[in-house]
Structure formats: structure tokens, C-alpha cells
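# Coordinate inspection notes
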Amino acid sequence: MEFGREINNFIDEYVSALKEGNAAIFAGAGLSIPSGVVNWKELLRRPAARLGLDVDKESDLVSLAQYIYNDSKTKTPLTELINNHFSQTGRINRNHEIIAELPIRTYWTTNYDKLIEQALIQAGKKPDVKKRVNDLAVIKSKRDAIIYKMHGDVEVADEAVLIKNDYELYEKNNQMFTIALKGDLVSKTFLFIGFSFEDPNLEHILSRIKILLDDHTRTHYYFIKEVAEEDYPNNAEGKEQFQYDKIRQELKCADLERYSIKPLIVKKYEDITAILETITERYNRNNLLISGSAHEFNDYKVSGINAEDFIHKLSKTLNQKEFKVATGFGLGVGSAVINGVLEGMEESGTRNINEHLIMRPFPQYATNGKEIGQLWEEYRQQLISECGIVIFMFGNKLTKKEESDEDIVVEANGVIREFDIAVDKNAKVIPIGVTGYASRKLWEQVINDFQRYYPEFPYLKDKFIKLGEDGIEFNQLIKIVTDIVIEIRGGE
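These lines cover the structure that appears in this document, whether it is placed above or below. The structure displayed is predicted, hence computed values, not measured ones.

## A look at the packing of aromatic side chains
Two numbers describe a pair of aromatic rings. These are the distance of the centres and the angle of the planes. In total, this model carries 22 aromatic pairs according to the counting rule given. Relative to F242, the ring of Y232 lies with its centre 5.7 Å away and its plane at 65°, an arrangement referred to as edge-to-face. Residue Y232 is located in the loop between β6 (220–225) and α12 (236–256), and its partner F242 is located in helix α12; the two are separated by 10 residues in the primary sequence. For F242, a relative accessible area of 7% puts it in the buried group. Feature note: the residues F450, Y454, F457, Y459 and F464 constitute an aromatic cluster, connected by ring pairs. Over the face of the ring belonging to Y454 we find K428, whose NZ or CZ atom lies 5.0 Å from the ring centre. Its guanidinium or amino end placed over the ring of F323, R489 lies 4.0 Å from that ring's centre, counting from NZ or CZ.

## A look at the environment of K401
With respect to the element layout, K401 can be found in the loop between β13 (396–400) and β14 (407–411). With relative accessibility at 32%, the residue K401 sits in the partly exposed group. Not counting the four nearest positions on each side in its chain, K401 is found in contact with E406 and I408.

## Some remarks on the sheet that holds strand β15 (residues 428–431)
Spatially, 5 strands are ordered β11-β10-β8-β12-β15 in an open sheet, and the strand pairing comes out parallel. Pairing within the sheet leaves two strands with one partner each, and these edge strands are β11 (357–359) and β15. The mean angle between the axes of side-by-side strands here comes to 20°, regardless of whether they run parallel or antiparallel. Taken together, the 3 bridges between strand β8 (residues 287–293) and strand β10 (residues 324–327) define a ladder with parallel strand orientation. Residue pairing for β10: L289 is matched across the bridge by A326. Across the sheet, helix α14 (residues 307–320) touches β8, β10 and β12 (389–394), and the angle it forms with β12 is around 165°.

## So, unusual backbone geometry
Phi at K73 takes a positive value of approximately 60°, unusual for a residue other than glycine. Locating K73 in the fold gives a position in the loop between α4 (61–72) and α5 (76–86). Its identity as a non-glycine residue notwithstanding, F394 has a phi of 55°, on the positive side. Topologically, F394 is positioned in strand β12. Owing to a relative accessible area of 0%, F394 belongs among the buried residues under this scheme.

## Focus: the sheet that holds strand β7 (residues 261–266)
Ordered in space as β3-β4-β2-β1-β5-β6-β7, the 7 strands form an open sheet in which the pairing is parallel. This sheet does not close on itself; its edge strands, each paired only once, are β3 (127–130) and β7. If you compare each strand with its neighbour and ignore which way they point, the axes differ by 20° on average. Relative to strand β4 (residues 145–149), β3 runs parallel, the two being bridged by 4 bridges. Paired with V129 across the two strands is I147, which belongs to β4. The strands touched by helix α7 (residues 115–122) within the sheet are β1 (23–27), β2 (106–109), β3 and β4, with β4 carrying the most contacts at an inclination of about 170°.

Calculation criteria
Residues numbered from 1 in each chain as written. Predicted model: local features only at pLDDT ≥ 70, side-chain atom pairs only at ≥ 80, totals over all residues. Heavy atoms only, no water. Phe/Tyr/Trp six-rings, centres within 6.5 Å; stacked < 30°, edge-to-face > 60°. Helix = DSSP H or I, 4+ residues; strand = E, 2+ residues; numbered from the N terminus. Buried < 20%, exposed > 50% of the residue type's maximum accessible area, 1.4 Å probe, protein only. Lys NZ or Arg CZ within 6 Å of the ring centre and 35° of its normal. Contact = heavy atoms within 4.5 Å. Pairing = 2+ DSSP bridges. Axes fitted to C-alpha atoms, helices over the stretch in contact; angles between N-to-C directions.

Right, here's the structure in full:
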């Protein structure tokens, strides 16, 4: 999908924030609406009607909630709405999945539902959920992300921020949430998603940030759907309302600039998912999987160095170009990959192996009621989902002829399967044909249909052709592979 300049600039900035560990999410009700969760206006429709009010004519829903409270002198009707709806409604949607899979450690939300934490758990992460002020003092060990639920949670609906009274007393009763949010707004790059900006509490916090830090705040981003004429009745009244709403949106976007928030205007809500998918793809292109297995190296056609040393030197070079290298410990390949990365780390003086290497040895035994083939498929899917580039080399294994029980070397079907998974997940595939076996077959497949695999990089085809050039000198081959992956990543 093609994006405009502002969206592309945002993607670049957010990917950089992800790499630096400074990316954050602020989620509003709109994130959960596609999951079947209704918005606050719909929740208030029936109790408002009992007061003789039409919720569609009300713009200040906080005051409306206060009127409902005033009528009954209790929060019970409102907390029952939260309990009855948010405890039974909602399922994780694709946007939840994407933001949970990304390396984001800070989530803020005004939502009462539990969909963000469920998505994080589904992604294999351990969230630390802050529902009350007292939770801020408790640090959960081995946590992967923090979710700040600044307006409360369905499990403590009686303490949720609901009515005008709650907003007026927020600074007094929830000051530690305010302090924590101010710190994150200063130090992290936020993406506001599904948020209307009608929340008076957030408006107050943003105003305070502006007062305290003047124009030195970090730039944040906000998705907003463009007011579209086709969404209005095709009559004079509809056209007049469209023009009014269009002007109001333009003014609102301009006003957000006061808080260093850049609006990201999308044509339709589905564009948000496409943008998030693109962020994932571009971030993952810094993670590179070397796929391959080798019982033998007889088909290896690179001059000047043996096969194991070639794998070692290529892995070391990729590490020095700041790629995070992944390996599944393929036979004859995995050890050389690991040693190459470790040597690169040693020379650069770095010791945090988790920032440089992803090691996922395949299970050797069936477990948890799953066959070994099923486990291997799950491992492949998970490993490749974390990598935006996959290099294929060699690809052979030892097996037995059925008719004679004789040992023979054949193409490794696991390497071919990893190629298919990588293509399905939109990872960029780089088979090194001169290493032979399955990789030669895959290289021919890419060359013969290059437009399919690299529509945005047609100029790389000449370099790919050299990956299958028998007798190529190893330093030249390493440079070509390095040039290709750096180009795909988007530069040094």
C-alpha cells in the first residue's frame, strides 16, 4: 500500500523509536470498537433516555454521566454498565495483535476492557497492569510491558473515572498516574490510536506538559479519519454538515500541534492496520534469519574460503552492520552463525547478546501432546515472524532410500518450508544460489520471478544474479549480500 509523505515520515520515526526502546502507545475506545466493544455514548444511551435526554444531542458525555449519577445519587448504574458490558464483550483484533507483537514496553489507555493485556499474553509476553495508584508502587518481576489504565479497569469498576466529579478530583486522587504519564510523554514517542481527544483529563495533562516544558516536548502522533463527503446524506443539510465538520477537523488538527502532536489523517480505518503492518515489516528488517542446513558442502561453489568459514565471516559482517541475526541451529550452519556473531560482538566490545543474536534451537522430542512436526512448524512460524529478512544457504540433509535403506543426501524440505513461510509473512528472501542444494533451487525461483518477490527493488536483480555465479570470490559475495540487506533495511 502506498502512503503519503507524512505517513511515511511517521513510520520512519516510529521504527527508530522502536529500535531505541522509546516507543509507546496511548489507546482510546476506538481501538476496541472493532472488537465489539461499544463506545461510551452507546453505553449511556438508555440511562440518558430515562432522564429525557437524547445522547446524540449531547457532546459533553462526562457531564451526562454526572447527570445520571446525580439522579440516582450513586455510581451503581454506571458501574453496572461497565461490569455488564466490558466483562462479557470483546475479542482481540488485528490492531491489538500488532501493537502487542511490537517491542513496545509502555501502554497507556483510558479503556476499561482487558484486550491489550490479553493480546500481550497471546504474544507470549508478561504484562504488568496498573489499575490503581497503589499498583504503581508494586513492580512485577520479569515483566515485558506496563499497561497504565489511568481511568480504571472492569475488575474495579466502582473506582473507575466516570463522572465530572472524578475528573475534577483526578489530580488529587491520581496524582501519581499524572506524574508517570508526564514522564513518559517527555521521554517516549507516543502513538495515539482510537482516541478522540475529548477526554478533559488528558487535555489537562497535555496542557501541563506544555506549560512545564514550553516547546521542548517530544513529537507524538495521532491517527484521525478524514471527514469524507460520502459519509453524509446527499442533500443540502448533509452537505452543510460535511463542510462544518471538515472545518472543525482542520482546526482540531491545527490545535493538536500546540501539544507537539502530529495528526496522521487516514482515508478509512482499515488504513491504520496497513500502517501498523508496515511498521512491523520495516522494524523486523533489522532482524535477519540465516536459514540453512548442511550434512555436506559438496555443491558449494564459492572461491577462496571453505563453507564453514564463509558462514562465519558473513554472520560476523552482518553483526557489524548492526543486524540482529537469528538462527534455528541448522545442521552444519547454526554453529558457524553463532560464532561469527560472537566474534563481531567481541571486536565491537559489546556483551549484551540479546541485542545481537536470536537463538531458537528446534525441539528434538514431541511434547505437550504435539507431534514433532507440529512443534517444528510452530517454531518456524514464530521465528520467521520476528525477522523481516531471511537468507537461505545450502539446504541438504541425510536420509535413507525407502527401497534399499541406503543413506543419501537430499534437499532439506525444512529450508524450503521456511522459504514459503517467509514469503507468506512478507519477509524478504535472499537465497545464496552458489551454496547449492535447496538454496540453488530457491535462487532460481526468485530470479525467474523477481518482480513477484521484489516489486519495490527491481534494481537489485543484477546483484541477485551474482548470488548464483559459480566461482564468485567470497569477499565479493559477502559484499553483495551485505549491500542487498542494507538496501532492503533502508540504509546503514
